[in-house]
Amino acid sequence: MKTAVLFPGQGAQGIGMGKDLFEKSAAARRTFEEANAILGIDLAKICFEGPEETLNRTDTCQPAILVHSIAAIRALEEKGAALKADVAAGLSLGEYTAHVFAGSIAFADAVRLVRKRGEAMQAACEAKASTMATVLGLDLGKLREAVAEAASRGIVVVANILGPGQAAISGETGAVEAAGEAAKKMGAKRVVMLKVAGAFHSPLMAPAVEALKAALANAEIKTSVIPVVSNVTAAPVYEPGKIRELLGRQVGEPVLWEESNRRMGADGVKRFVEAGPGKVLTGLARKIVDGSETVNVEGWANVEAWTG
């Protein structure tokens, strides 16, 4: 049975994240302390105590989630249970964490990159009023019709294709609202406006894409030890130049998460391990890949259960 390790993206954060790992694992504690030194802020304190508005900032929650995920991985290693995997994948921000796990990007470099990513995305969001919405219970073809119908109101695209009947739309606020109403008329069960800074994974992220390409151009990227499935192509990638290109494009293009899971399943993956805050990705894997087994490594209790 092949194993995939999945890493969560923005939205998985919550006050208290990683606190038990920090307290129980010296390796996890060093991970948070290293990130604190790199960023010049007490990221650990923000994760453990908030305030919530600070943790939820795009430029804070992105490094916070990456650090929590890697702290969980390192806590397992410290207990003598290093996580073995055949492939890795991460949702949006989580793709950077996947590259740390796969050996293609050093942890310190990834912390700097996702901080820059968050800052660039926040700046792009502030340039134009924009938002995202999750659409549940509507066929992807119908959702694309709803988006096309709302195009006269402004930029709006299908941004995240998460799983069967679950996707997100992104764009200018009025256009997203219009697409949501059209989706409801076409049979969507629910349309939920998201509490995000703006239109991630849409053309409105063009300034962030350029900033990220510049940052990635100066980053050291190695050939990955295991493949990482790209959000942009839903295909595995190893080679440094391709990793650099796809990470640069990623924030402005749709996340093909459902297709990524199907690709992993077709390649023989039946066991999915989600490392970091939340259980969204393992829940989606169970829906997408028939017969899949899932495990979560979020806190110290999970580490102890894993290591027996």
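This text gives an overview of the structure that appears in the document. (Residues numbered from 1 in each chain as written. Predicted model: local features only at pLDDT ≥ 70, side-chain atom pairs only at ≥ 80, totals over all residues. Heavy atoms only, no water.)

### Remarks on the overall build of the chain
Move 1: The secondary structure content of the chain amounts to 14 helices and 11 strands.
Move 2: Whereas a compact globule of 308 residues would reach a radius of gyration of roughly 19 Å, the chain reaches 18 Å, a difference of no more than 12%.
Move 3: Considering only C-alpha atoms, the chain reaches an extent of 55 × 45 × 35 Å along its principal axes.
Move 4: Taking the intrachain contacts of the chain between residues at least 6 apart in sequence as the baseline, contacts between residues at least 24 apart amount to 73%.
Move 5: For the chain, the accessible area works out to roughly 12300 Å², and carbon and sulfur atoms hold 49% of it.
Move 6: Taken as two groups, the 35 positive and 35 negative side-chain charges of the chain have centres that lie 2 Å from each other. (Helix = DSSP H or I, 4+ residues; strand = E, 2+ residues; numbered from the N terminus. Rg over C-alpha atoms; globule rule 2.2 N^0.38 Å. Contact = heavy atoms within 4.5 Å. Areas by Shrake-Rupley, 256 points an atom, 1.4 Å probe, with all protein chains shown as cover. Lys, Arg positive; Asp, Glu negative; His and termini not counted. Charge placed at Lys NZ, Arg CZ, Asp CG, Glu CD.)

### Comments concerning the environment of Val273
Move 1: On the secondary structure map, Val273 appears in strand β10 (residues 269-275).
Move 2: Relative accessible area serves as the criterion here: at 0%, Val273 is assigned to the buried category.
Move 3: As for Val273 and Ala285, which are separated by 12 residues in sequence, their C-alpha atoms are 9.7 Å apart.
Move 4: What Val273 contacts, discounting residues up to four positions off in sequence, is Thr3, Ala4, Val5, Leu6, Leu83, Val295, Val297 and Trp306. (Buried < 20%, exposed > 50% of the residue type's maximum accessible area, 1.4 Å probe, protein only.)

### Re the sheet that holds strand β5 (residues 166-172)
Sheets are built from strands paired through backbone hydrogen bonds, the pairs being either parallel or antiparallel.
Move 1: One open sheet accounts for 5 strands, arranged β6-β3-β5-β4-β9; its pairing is mixed. Looking at which strands have only one partner, the edges of the open sheet turn out to be β6 (190-193) and β9 (255-256).
Move 2: In this sheet, β6 lies alongside strand β3 (residues 130-136) in antiparallel orientation, the contact comprising 4 bridges. Bridging from a neighbouring strand, Val135 pairs with Val191 of β6.
Move 3: Along the sheet, helix α9 (residues 173-185) makes contact with β3, β4 (156-163), β5 and β6, crossing β5 at roughly 145°. (Pairing = 2+ DSSP bridges. Axes fitted to C-alpha atoms, helices over the stretch in contact; angles between N-to-C directions.)

### Here we look at the nonpolar core
Move 1: Residues Leu66 and Phe101 are the most contacted members of the largest nonpolar core, which totals 68 residues.
Move 2: Among the elements that line this core, the one with the most residues is helix α5 (residues 58-78), at 10 residues.
Move 3: If near-sequence neighbours (up to four positions away) are discounted, Leu66 is found in contact with Tyr96, Thr97, Phe107, Ala110, Val111 and Val114.
Move 4: Core analysis: the next-biggest nonpolar cluster, separate from the first, contains 22 residues, Leu138, Val147, Ala179 and Ala188 among them. (Core = buried A, V, L, I, M, F, W, Y, C linked by side-chain atoms within 4.5 Å.)

### Thoughts on the pattern of salt bridges
Move 1: In total, this model carries 12 salt bridges according to the counting rule given.
Move 2: Across the pair Arg74 and Glu34 runs a salt bridge, and its minimum N-O distance is 3.7 Å. Taken together, the residues span a long stretch of sequence, with Arg74 in helix α5 and Glu34 in helix α2 (residues 26-39) at a distance of 40 residues.
Move 3: The exposure class assigned to Arg74 is partly exposed, which follows from its relative accessible area of 24%.
Move 4: We classify Glu34 as partly exposed; its relative accessible area is 31%.
Move 5: For the salt bridge of Arg249 with Glu245, the shortest nitrogen-to-oxygen distance reads 2.8 Å. Within this pair, Arg249 and its partner Glu245 are both found in helix α11 (residues 240-250), separated by 4 residues, close to a single helical turn. (Salt bridge = Lys/Arg side-chain N within 4 Å of Asp/Glu carboxyl O.)

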